[in-house]
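The chain contents come next:
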Amino acid sequence: MVDMVNNRFRKDMMKNARESKLSKDNLKKRLKEEFQHAMGGVPAWAETNKRKSSSDDESEEDEDDLLQRTGNFISTSTSLPRGILKMKNCQHANAERPTAARISSVQFHPGAQIVMVAGLDNAVSLFQVDGKTNPKIQSIYLERFPIFKACFSANGEEVLATSTHSKVLYVYDMLAGKLIPVHQVRGLKEKIVRSFEVSPDGSFLLINGIAGYLHLLSMKTKELIGSMKINGRVAASTFSSDSKKVYTSSGDGEVYVWDVNSRKCLNRFVDEGSLYGLSIATSRNGQYVACGSNCGVVNIYNQDSCLQETNPKPIKAVMNLVTGVTSLTFNPTTEILAIASEKMKEAVRLVHLPSCTVFSNFPVIKKKNISHVHTMDFSPRSGYFALGNEKGKALMYR
């Protein structure tokens, strides 16, 4: 017999005072009644004697078969969905070496979990990327050398750095720990060496000179191979992903395409709606060319049409920024294009490819912690996104 009075759950099942004790069978019946009263009848799973139809049997067998094996039933999506990007803030990349000077370059190492931060405080710093504390590995201080741009070589063994007002190119050999200044390149008649690009295959260095000149140097020896000349001034340039072509954006709103080996102009077209160009980028998979102009429009072109057509039409004109687009970066998987303007606070957007729509949840407008963006980069497997601002912070996102 089961005591009903002293158990607070069973007390409510008593129908009268005589039922102070019930047998187990009666209690079982009473529990069934209570359950059916609450559920409004007998649930389907409790009807054991009811014969199911043959189609139900088949689905049962399928379910049983599914439950026989272990493994991941939910597959990951092959492409990045549009609309909202799942991301979170990490510790600043340069938190262990704070500075108030503008960050001019942020770049992730092509092979190791390292991020480089360089700025107008004359220092190039390397940090280990863990997203929590980002411990500092080392800092290289360059006397009287506010850094305009710093960049890893393609194999990640060297760091190249140029200044805002010098013709010296510093090369830091990371393996030997040696700093090598390149004072004079024979045949290079530039008074200031500032803007440069490293080819993805690691064999060329392209220096953007004054008066429309582009100088192609050997990455190994740092010697001049040859020069190319455009009309007007060079606003920005970039290599194609296979390092066989150079795309140059001019101060007249035109884009020139050069063959690296012959140094001949393959094509030249007007960037639609641009008065003068400010930035240019190519995607890693060789599909897109993005051109940023003075009015805040980013035109995204198909790379094939840029090579063949005299007047190519952009796939999409991204008009989310209203001031000149100074930075453009594709992520390694060509699913995100980061666009930014240093002329205005919080002027950074992430564009989803191939839909060419902007992710609506970045930046978080309420927080206003991004400020003026001067440089951006994605990590080699797109796990992290970093940007440097004029307040000396290298913000990092997962």
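Everything here concerns the structure above.
Cut-off values and rules
Residues numbered from 1 in each chain as written. Predicted model: local features only at pLDDT ≥ 70, side-chain atom pairs only at ≥ 80, totals over all residues. Heavy atoms only, no water. Helix = DSSP H or I, 4+ residues; strand = E, 2+ residues; numbered from the N terminus. Rg over C-alpha atoms; globule rule 2.2 N^0.38 Å. Buried < 20%, exposed > 50% of the residue type's maximum accessible area, 1.4 Å probe, protein only. Contact = heavy atoms within 4.5 Å. Areas by Shrake-Rupley, 256 points an atom, 1.4 Å probe, with all protein chains shown as cover. Lys, Arg positive; Asp, Glu negative; His and termini not counted. Charge placed at Lys NZ, Arg CZ, Asp CG, Glu CD. Salt bridge = Lys/Arg side-chain N within 4 Å of Asp/Glu carboxyl O. Pairing = 2+ DSSP bridges. Axes fitted to C-alpha atoms, helices over the stretch in contact; angles between N-to-C directions. Polar contact = N/O pair within 3.5 Å; in protein donor to acceptor, adjacent residues only side chain to side chain.

**Q** So what exactly am I meant to see when it comes to the overall build of the protein chain here?
**A** From N to C terminus, the protein chain includes 3 helices and 29 strands. For the protein chain, the C-alpha radius of gyration of 32 Å lies well beyond 21 Å, the compact-globule estimate for 398 residues. Taken over the C-alpha atoms alone, the protein chain extends approximately 110 × 50 × 40 Å along its principal axes. Classification of the 398 residues of the protein chain by burial places 47% in the buried group. Residue pairs in contact within the protein chain that sit at least 24 positions apart in sequence constitute 44% of those at least 6 positions apart. About 21600 Å² of surface is accessible on the protein chain, with carbon and sulfur atoms providing 50% of the total. Averaged over its 52 positive side-chain charges, the protein chain has a centre that lies 7 Å from the centre of its 40 negative ones.

**Q** Which parts of the structure should I look at to understand the pattern of salt bridges?
**A** Oppositely charged side chains can form a pair if their charged atoms are brought close together. Enumeration over the complete set of coordinates arrives at 8 salt bridges. For Glu 197, the salt bridge goes to Lys 149, with nearest N and O atoms at 3.2 Å. Of this pair, Glu 197 sits in strand β11 (residues 196-198) while Lys 149 sits in strand β7 (residues 147-152), placing them 48 residues apart in sequence.

**Q** It is not clear to me how the sheet that holds strand β5 (residues 123-128) should be interpreted in this structure. Could you clarify?
**A** Whenever strands of a sheet pair, they do so through backbone hydrogen bonds, lying parallel or antiparallel. Across the sheet, 4 strands lie side by side as β3-β4-β5-β6; this open sheet has antiparallel pairing. The open sheet has two edge strands, β3 (103-108) and β6 (136-141), and neither has a second partner. Each strand of the sheet is rotated relative to its neighbour by a mean of 15°, with strand direction disregarded. In terms of strand pairing, β5 meets β6 through 5 bridges, oriented antiparallel.

**Q** Would you take a moment to explain the side chain of Thr 375 for this structure?
**A** Tracing the backbone shows Thr 375 in strand β27 (residues 373-378). Residue classification places Thr 375 among the buried residues on the basis of a relative accessible area of 9%. Here Val 106 takes part through its backbone nitrogen, which lies 3.2 Å from a polar atom of the side chain of Thr 375. Sequence-distant contacts of Thr 375, that is, excluding residues within four places in its chain, are made with Ile 103, Ser 104, Ser 105, Val 106, Ser 327, Ala 386, Leu 387 and Gly 388.

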